[in-house]
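# Coordinates in review
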Amino acid sequence: SDTIVANAFKKHLKFTDSLGFRNIVIMGGNSNPAPGNSGNRVIIIKAADMDKAKAIVAKDPAILFGTHKGELLPFTLQSWYPGNLGR
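Description of the structure in this document.

Turning to the overall build of the protein chain, a few remarks are in order. A tally of regular secondary structure across the protein chain gives 3 helices and 2 strands. Starting at the N terminus and ending at the C terminus, the protein chain contains elements arranged as α-β-β-α-α. C-alpha atoms of the protein chain, sized along the principal axes, occupy 40 × 35 × 20 Å. The buried share of the protein chain, taken over its 87 residues, is 14%. In the protein chain, of all internal contacts separated by at least 6 residues, the share reaching a separation of at least 24 is 37%.

See the structure below:
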C-alpha cells in the first residue's frame, strides 16, 4: 500500500542521513526530479570493499521492507572538480 511505501521511504531517508553524518554516504539524488516522478535514486557510498557496501545496502529500510530495489555498482573516483558544485 501507499502507506507502507511512504513509511519505508521515510525510514530510508533517515537511514541515509545517518550514514551521511557518519561519512559513509557521499551524495545522493534523483535521476529524474520532475514533480510527481520518483525516478531512480542514486546514492554514492564509501565502503572498504564490495562486501562492506553490500552489508550497508542490505540494512536500508526500503530494501528490507521490499518496497524498493537496489543495485550496487562499483565506482572509483577519477576526476574531481569541487569548484563546479553549485553551478
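Turning our eyes to something else, we now look at the nonpolar core. Listed in full, the 5 residues of the largest apolar core are Phe 15, Leu 19, Ile 24, Val 25 and Ile 56. Setting aside residues up to four positions removed in sequence, Phe 15 forms contacts with Ile 56, Lys 59, Asp 60 and Pro 61.

Quantified by volume, the largest pocket comes out at close to 1,200 Å³. Breaking the lining of the largest pocket down by element, the ones donating at least two residues are helix H1 (2-21), strand E1 (25-30), strand E2 (41-45), helix H2 (50-58) and helix H3 (61-64).

Residue position: Asp 60 is located in the loop between H2 and H3. Buried and unpaired, Asp 60 has no salt bridge, with Arg 41 as the nearest side chain of opposite charge at 9.3 Å. A distance of 2.9 Å separates a polar side-chain atom of Asp 60 from the backbone nitrogen of Ala 62.

Relative to the helices and strands, His 12 resides in helix H1. Those residues in contact with His 12 that sit more than four places away from it in its chain are Ile 43, Asp 60, Pro 61 and Ala 62.

Let us look at a nonpolar patch on the surface. A contiguous nonpolar patch, built from Ile 26, Met 27, Phe 75, Leu 77, Trp 80 and Leu 85 and spanning about 690 Å² of accessible area, is present on the exposed surface. Positionally, Leu 85 belongs in the segment after H3. Given a relative accessible area of 56%, Leu 85 falls into the exposed group.

Its identity is not glycine, yet Asn 23 carries a phi of approximately 60°, on the positive side. Looking at the secondary structure, you find Asn 23 in the loop between H1 and E1. Take Asn 23: its relative accessible area is 52%, and that puts it in the exposed class.

What counts, and at which threshold
Residues numbered from 1 in each chain as written. Predicted model: local features only at pLDDT ≥ 70, side-chain atom pairs only at ≥ 80, totals over all residues. Heavy atoms only, no water. Helix = DSSP H or I, 4+ residues; strand = E, 2+ residues; numbered from the N terminus. Buried < 20%, exposed > 50% of the residue type's maximum accessible area, 1.4 Å probe, protein only. Contact = heavy atoms within 4.5 Å. Core = buried A, V, L, I, M, F, W, Y, C linked by side-chain atoms within 4.5 Å. 1 Å grid on protein atoms, 1.4 Å probe; cavity = no way out; pocket = protein on both sides within 12 Å on 5 of 7 lines; lining within 4 Å. Points joined across faces, edges and corners; volume = space filled by probe spheres on them. Lys, Arg positive; Asp, Glu negative; His and termini not counted. Salt bridge = Lys/Arg side-chain N within 4 Å of Asp/Glu carboxyl O. Polar contact = N/O pair within 3.5 Å; in protein donor to acceptor, adjacent residues only side chain to side chain. Patch = residues over 30% accessible without salt bridge, like charges linked within 9 Å, V, L, I, M, F, W, Y side chains within 5 Å. Areas by Shrake-Rupley, 256 points an atom, 1.4 Å probe, with all protein chains shown as cover.

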